[in-house]
Amino acid sequence: MIDLLNLMAFHAAYAETIDSDRLEQWPDFFAPDAHYRITHVENEQQGLPAGIVWADSRAMLEDRVAALREANIYERQRYRHLLGVPLLEAADEHSARASTPFMVARIMAHGETRLFATGVYRDRFVRVDGKLLLAERVAVCDSTVTDTLMALPL
């Protein structure tokens, strides 16, 4: 059974991977055919699928990381995630649905730290070969205003 402790451990590892700049490992948290989207609350309330970031496979996430490392030019930065306790909506031995509130601070190379994003992860998890993976993650940001410098994944 996928339980709250499994989800909390998953989230801790997920956030630490991004926050410690191990982005090449980030796609490993997703199933091969996973869906990842960053959007805002108004789009989500209106059922609009458009997002700030949209990917429909782990391969697309791997490409995003490669682009961040090799092609994109952006000011050096890092994140620090603060995660709430997941609300486990449904779970069995092989899958789960949960919502987890998040706050993400962005730390710029020159030292400035600002609250960058708040919202909720709406997740669907699956167990593949004994490993918990995201089949879907929709990061629903509270603000409808998105910084143009959203380089790193949430």
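Above this text you will find the structure in question.
Values in this document were obtained by computation on a predicted structure and should not be read as measured data.

Participant: Explain the overall build of the protein residue by residue, including any values.
Facilitator: When helices and strands are tallied, the protein shows three helices and seven strands. From first element to last, N terminus to C terminus, the protein shows the α and β order α-β-α-β-α-β-β-β-β-β. For 154 residues, the compact-globule estimate of 2.2 N^0.38 gives 15 Å, and the protein sits close to it at 15 Å. Expressed along its principal axes, the backbone C-alpha trace of the protein runs to roughly 45 × 30 × 25 Å. For the protein, with 154 residues in total, the buried portion stands at 42%. Element-wise, carbon and sulfur atoms account for 52% of the exposed surface of the protein, whose accessible area totals about 8100 Å². With 16 positive and 23 negative side-chain charges, the protein shows a separation of 4 Å between the mean positions of the two kinds.

Participant: Which residues make up the nonpolar core, and what values do they have?
Facilitator: If you look at the biggest cluster of nonpolar residues, it comprises 38 residues, and the most contacted ones within it are Y14, F30, Y36 and L154. Elements supplying a minimum of two residues to this core: α1 (4-19), β1 (30-40), β2 (53-55), α3 (58-70), β5 (95-108), β6 (113-128) and β7 (131-141). At six residues, the largest contribution of residues to this core is made by β7.

Participant: Go over unusual backbone geometry with me, naming the residues and quoting the values.
Facilitator: With a phi angle near 65°, D21 is a residue other than glycine that sits in the positive phi range. Here D21 lies in the loop between α1 and β1. A positive phi is found at D129, a non-glycine position, where the angle reads about 50°. Position of D129 relative to the elements: it lies in the loop between β6 and β7. On the accessibility criterion, D129 (82% relative accessible area) is exposed.

Participant: Could you give an account of the pattern of salt bridges, naming the residues involved and the relevant values?
Facilitator: In total, this model carries seven salt bridges according to the counting rule given. One salt bridge in this structure joins D19 and R80, with 3.6 Å as the shortest N-O distance. With a gap of 61 residues between them, D19 in helix α1 and R80 in strand β3 (residues 77-83) connect regions that are remote in the sequence. By relative accessible area, D19 is classed as buried at 6%.

Participant: Report on the side chain of D123, specifying residues and quantitative values.
Facilitator: Within the secondary structure, D123 is located in strand β6. Here D123 is in contact with H11, A96, R97, A98, L134, E136, R137 and V138, once residues within four sequence places are set aside.

Participant: Just give me the short version of the environment of A59, but keep the residues and values in it.
Facilitator: Among the secondary structure elements, A59 is positioned in helix α3. Taking the C-alpha atoms as reference points, A59 and L87, 28 residues apart in sequence, are found 29 Å from one another.

Participant: Tell me about the pairing of strand β4 (residues 87-91), and please be specific about residues and values.
Facilitator: Summarising the sheet, β4 and β5 pair through four bridges and their orientation is antiparallel. Counterpart to L87 in the pairing with β5 is S99. Counting the residues that bridge the hairpin from β4 to β5 gives three residues.

Participant: Mind laying out α1, listing which residues take part and the relevant values?
Facilitator: Here α1 spans 22 Å end to end across 16 residues, near enough to the 22 Å set by a 1.5 Å rise per residue. Turning to α1, its buried residues are L7, F10, H11, Y14, A15, T17, I18 and D19. The residue sitting at the N-terminus of α1 and contributing the capping side-chain oxygen is D3; that oxygen lies 3.2 Å from the backbone nitrogen of L5. D21 occupies a position one or two residues after α1 and carries a positive phi of about 65°.

Definitions and cut-offs
Residues numbered from 1 in each chain as written. Predicted model: local features only at pLDDT ≥ 70, side-chain atom pairs only at ≥ 80, totals over all residues. Heavy atoms only, no water. Helix = DSSP H or I, 4+ residues; strand = E, 2+ residues; numbered from the N terminus. Rg over C-alpha atoms; globule rule 2.2 N^0.38 Å. Buried < 20%, exposed > 50% of the residue type's maximum accessible area, 1.4 Å probe, protein only. Areas by Shrake-Rupley, 256 points an atom, 1.4 Å probe, with all protein chains shown as cover. Lys, Arg positive; Asp, Glu negative; His and termini not counted. Charge placed at Lys NZ, Arg CZ, Asp CG, Glu CD. Core = buried A, V, L, I, M, F, W, Y, C linked by side-chain atoms within 4.5 Å. Salt bridge = Lys/Arg side-chain N within 4 Å of Asp/Glu carboxyl O. Contact = heavy atoms within 4.5 Å. Pairing = 2+ DSSP bridges. Expected span 1.5 Å × (residues − 1). Polar contact = N/O pair within 3.5 Å; in protein donor to acceptor, adjacent residues only side chain to side chain.

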